[in-house]
Amino acid sequence: MELFIFGRFHARPDNERAVENAVRDVVAPTREETGCLSIHAFRSMRDSHLFYIHSRWESEAAFDIHAGLPHTLRFLEQVQPLIDHPLDVTRANLLE
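Quick summary incoming for the structure in this document. Bear in mind the structure is a predicted one, so any value in this text is a computation, not a measurement.

Remarks on the environment of Asp64
Consideration 1: Summarising the element assignment, Asp64 is placed in helix 2 (residues 60-67).
Consideration 2: Polar contacts involving the side chain of Asp64 include one to the side chain of Arg91, which spans 2.9 Å.

Overview of the sheet that holds strand 4 (residues 88-92)
Consideration 1: One open sheet holds the four strands; their spatial order is 2-3-1-4, and the pairing between them is antiparallel. Of all the strands in the sheet, just strand 2 (36-43) and strand 4 have a single pairing partner and so form its edges. Sheet twist, expressed as the mean angle between neighbouring strand axes with direction ignored, is 15 degrees.
Consideration 2: Relative to strand 4, strand 1 (residues 3-10) is paired through five bridges, and the arrangement is antiparallel. Counterpart to Phe4 in the pairing with strand 4 is Ala92.
Consideration 3: Sheet strands touched by helix 1 (residues 16-31): strand 1, strand 2 and strand 3 (50-57). Its angle to strand 2, the strand with the most contacts, is close to 165 degrees.

Quick word on helix 1
Consideration 1: Compared with an ideal rise of 1.5 Å per residue, which puts 16 residues at 22 Å, helix 1 spans 23 Å between its outermost C-alpha atoms and is within 8% of the ideal.
Consideration 2: Contacts made by the buried residues of helix 1 are with strand 1, strand 2, strand 3, helix 2 and helix 3 (70-79).

Here's the deal with the side chain of Thr30
Consideration 1: Inspection of the secondary structure puts Thr30 in helix 1.
Consideration 2: Under the relative-accessibility criterion, Thr30 is labelled buried at 1%.
Consideration 3: Among residues more than four places away in sequence, those in contact with Thr30 are Cys36, Ile39, Trp57, His66 and His71.

Structural notes on the side chain of Thr72
Consideration 1: Along the chain, Thr72 turns up in helix 3.
Consideration 2: In terms of polar contacts, Thr72 uses its side chain to reach the backbone carbonyl oxygen of His66, at 2.8 Å.

Definitions and cut-offs
- Residues numbered from 1 in each chain as written.
- Predicted model: local features only at pLDDT ≥ 70, side-chain atom pairs only at ≥ 80, totals over all residues.
- Heavy atoms only, no water.
- Helix = DSSP H or I, 4+ residues; strand = E, 2+ residues; numbered from the N terminus.
- Polar contact = N/O pair within 3.5 Å; in protein donor to acceptor, adjacent residues only side chain to side chain.
- Pairing = 2+ DSSP bridges.
- Axes fitted to C-alpha atoms, helices over the stretch in contact; angles between N-to-C directions.
- Contact = heavy atoms within 4.5 Å.
- Expected span 1.5 Å × (residues − 1).
- Buried < 20%, exposed > 50% of the residue type's maximum accessible area, 1.4 Å probe, protein only.

Nothing here speaks to function; it is geometry throughout.
Next comes the structure, spelled out in structure tokens:
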């Protein structure tokens, strides 16, 4: 069953560029992973501190592998001190 991931990242003041760079840096290698069907990064039009990552995976197992890869772990280490909230990542299934 496909899995959808929604990640929300609200940058602390003066950390917008660093969050944007971290988000951009993790998207390309993730897109190349086996099991990643798509991944896109977004910045809010109304809140310049707010970023999102949306990805679609073949399965939860594929995402679990992704979660342990070096580029993912590096991203989490980089972004967590730059955001003003606990890590906010939601795993979801498509309603049909």
